Amino acid sequence: MTSHSDLVGFAPITMGGFNAYLGTLLRDPAKAAGEARRFAFLPEGKHLNGGGNLHGGFLMSIADNVLGFTVHEATEGKIASTVTLNTDFLSGGVAGEPLWGRAAIARKTRSLIFIAGDLSQGDKLVLTATGIWKILGA
Amino acid sequence: MSGDWLSALPATSHGLPVQRPAVTDIAAPAGYSEAMPLVDPFEAYCFQSFRRINADGSTTYALPTDARHDNSNSVVHGGLLMTFADSALAYCAWGGCPENAWCVTVSQSSSFLKAVRPGDLVEVTPVITRSTRSMIFTRGEFLVRGEAVFQAASIWKVTGR
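Residues numbered from 1 in each chain as written. Chains lettered and ligands numbered in written order. Predicted model: local features only at pLDDT ≥ 70, side-chain atom pairs only at ≥ 80, totals over all residues.

**Considerations on the overall build of chain A**
Let me state the cut-off plainly: Counting from the N terminus, the helices are DSSP H or I runs at least four residues long and the strands are E runs at least two residues long. We compute the radius of gyration from the C-alpha atoms alone; for a globule the expected value is 2.2 Å times N to the 0.38, where N is the number of residues.
Regarding its fold elements, chain A presents two helices and seven strands. Order of helices (α) and strands (β) in chain A, N terminus to C terminus: β-α-β-β-α-β-β-β-β. Taken over C-alpha atoms, the radius of gyration comes to 15 Å for chain A, in line with the 14 Å a tight globule of 138 residues would show. Projected onto its principal axes, the C-alpha coordinates of chain A cover approximately 40 × 30 × 30 Å.

Structure below.
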């Protein structure tokens, strides 16, 4: 199980526009070699759907950011954009509890990055994702 | 400049309270008279969409984008397009749901064909590809000025209310 106290040491990622409108994505500055960087987000009531669960669009937005940020750490400053993102919704998420994210690159070519990741709450997987990013200009 | 669409929103839709939109300072796009009565707080927080019924009975949904949706490089954030897709394909799937049933997204595949710029109007006429007792398959091709910019396919699980 994880809780709010596990967020100690996490730092906000400063982003503008729609990302700032979404809320603050946090990252764990510490990352052991070979391990995925951990991300976290504290969802609120505005991130819910009419059924009281975290909205699928919100979860896909956070997945896009977690996978995208992990991609950008691997592109030596080059900009990459999402070509495709496949998301499966394994269980309902709730507001008020940290949503954890992580991602790992499966393959990197000259112009494409294949990546997989997931979002979880407590010990429950909420979303799994795979995606392809294109390195622009490559 | 919200025009009449804001005051025309019903109090409930699909048995759920309609959320008060956060985006009210936009006009209904030409050809769209009905604002979507959004029941999901997250959708009403992010955008206001509109719909029109076509002569063939299909429904087209429209999303006006603006600076709020910029992902900080003058391109509309993919998360917003995926959220609009989840919304439009949900209303499409609900049309195939039995009475007193509900459906939730099990899976969505999203492809980004071309950058969408803030200010672009995104339009989609989603279709139900297949409907079974427990699952509904939907897909949509999203257009800007008639050109495909994004596509999504979703699988919905039919559940009891």
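**Notes on the interface of chain B and chain A**
Using the following cut-off: Think of it this way: build a C-beta for each residue from its backbone, and any pair within 7 Å is a contact. Gly counts as polar in this scheme, as do all residues outside two lists: the nonpolar Ala, Val, Leu, Ile, Met, Phe, Trp, Tyr, Cys and Pro, and the charged Asp, Glu, Lys and Arg. Whether two strands pair depends on DSSP finding at least two bridges between them.
Taken together, the contacts link 28 residues of chain B with 28 residues of chain A. Where the side of chain B that touches chain A is concerned, the elements lending two or more residues are helix 1 (41–46), helix 2 (78–94) and strand 6 (101–112) of chain B. Ranked by the residues each element gives to the side of chain B that touches chain A, the list is headed by strand 6 of chain B, at eight residues. Residue composition of the side of chain B that touches chain A, grouped by class: nine nonpolar, 14 polar and five charged. In this structure, strand 4 (residues 80–89) of chain A lies alongside strand 6 of chain B, joined through five bridges in antiparallel fashion. By the bridge assignment, A:Thr84 is partnered in strand 6 of chain B with B:Ser111.

**Considerations on the nonpolar core**
Convention followed: A set of buried Ala, Val, Leu, Ile, Met, Phe, Trp, Tyr and Cys residues, joined through C-beta atoms within 7 Å, is what we mean by a nonpolar core. With C-beta atoms placed from the backbone, a residue is labelled by how many other C-beta atoms lie within 10 Å of its own: buried for 20 or more, exposed for 12 or fewer, partly exposed between the two.
If you look at the biggest cluster of nonpolar residues, it comprises 71 residues, and the most contacted ones within it are A:Leu59, A:Ile62, A:Ala63, A:Leu119, B:Leu81, B:Phe84 and B:Ala88. Sequence-distant contacts of B:Phe84, defined by excluding residues within four places in its chain, comprise B:Phe47, B:Ser49, B:Leu63 and B:Val122.

**A short note on the environment of A:Phe58**
Tracing the chain through its elements places A:Phe58 in helix 2 (residues 56–72). Overall, the presence of 30 C-beta atoms within 10 Å leaves A:Phe58 in the buried class. Considering only alpha carbons, one finds A:Phe58 and A:Ile79, 21 residues apart in sequence, at a separation of 23 Å. Apart from residues lying up to four places away in sequence, A:Phe58 is in contact with A:His47 and B:Phe42.

**What to know about the pairing of strand 5 (residues 99–108) of chain A**
All names here are of chain A. Pairing between strand 3 (residues 39–41) and strand 5: three bridges, direction antiparallel. Opposite Phe41, over in strand 5, you have Leu99 as the bridge partner. With eight bridges connecting them, strand 5 and strand 6 (residues 112–121) associate as antiparallel partners. Following the sheet pairing, Arg107 is matched in strand 6 by Phe114. Counted between consecutive antiparallel strands, the loop separating strand 5 from strand 6 contains three residues.

**Examining helix 2 of chain B**
What sets the pattern is the α-helix's 3.6 residues per turn: residues three or four places apart point alike. Here is the rule: A helix is expected to reach a length of 1.5 Å times the quantity of its residues less one.
Here helix 2 of chain B is 17 residues long and its end C-alpha atoms lie 24 Å apart, about the 24 Å a rise of 1.5 Å per residue gives. Burial analysis of helix 2 of chain B places 16 of its 17 residues in the buried class, the great majority of the element.

**Comments concerning the packing of helix 2 of chain A against helix 2 of chain B**
Under the convention used in this document: Geometry is summarised by axes, namely lines fitted to C-alpha atoms with helices restricted to the contacting stretch, and by angles between N-to-C directions that run from 0 to 180 degrees. Comment on the angle field: the value is read as roughly parallel under 35 degrees, roughly antiparallel over 145, roughly perpendicular from 65 to 115, and oblique elsewhere. Crossing handedness is read from the near helix: turned anticlockwise from the far helix by less than a right angle, it gives a left-handed crossing, and turned clockwise, a right-handed one.
One can describe the packing of helix 2 of chain A onto helix 2 of chain B by two numbers: an axis separation of 8 Å at closest approach and a directional angle of 155 degrees. Classified by the interaxial angle, the pair formed by helix 2 of chain A and helix 2 of chain B is roughly antiparallel. For the pair helix 2 of chain A and helix 2 of chain B, the sense of crossing is right-handed. Residue-level inspection shows A:Gly56, A:Gly57, A:Met60, A:Ser61 and A:Asp64 of helix 2 of chain A in contact with helix 2 of chain B, the latter providing B:Gly78, B:Gly79, B:Met82, B:Thr83, B:Asp86 and B:Ser87. Of the residues contributing to the contact of helix 2 of chain A with helix 2 of chain B, the split by class is two nonpolar, seven polar and two charged.

**Quick word on the pairing of strand 4 of chain A**
Relative to strand 7 (residues 124–135) of chain A, strand 4 of chain A runs antiparallel, the two being bridged by nine bridges. Bridging from a neighbouring strand, A:Asp88 pairs with A:Thr128 of strand 7 of chain A.

**Points about unusual backbone geometry**
All names here are of chain A. In the Ramachandran plot, Glu76 falls in the positive-phi region, its phi being about 50 degrees despite a non-glycine side chain. Take Glu76: it is sitting in the loop between helix 2 and strand 4. What makes Glu76 exposed here is the crowd of 7 C-beta atoms within 10 Å.

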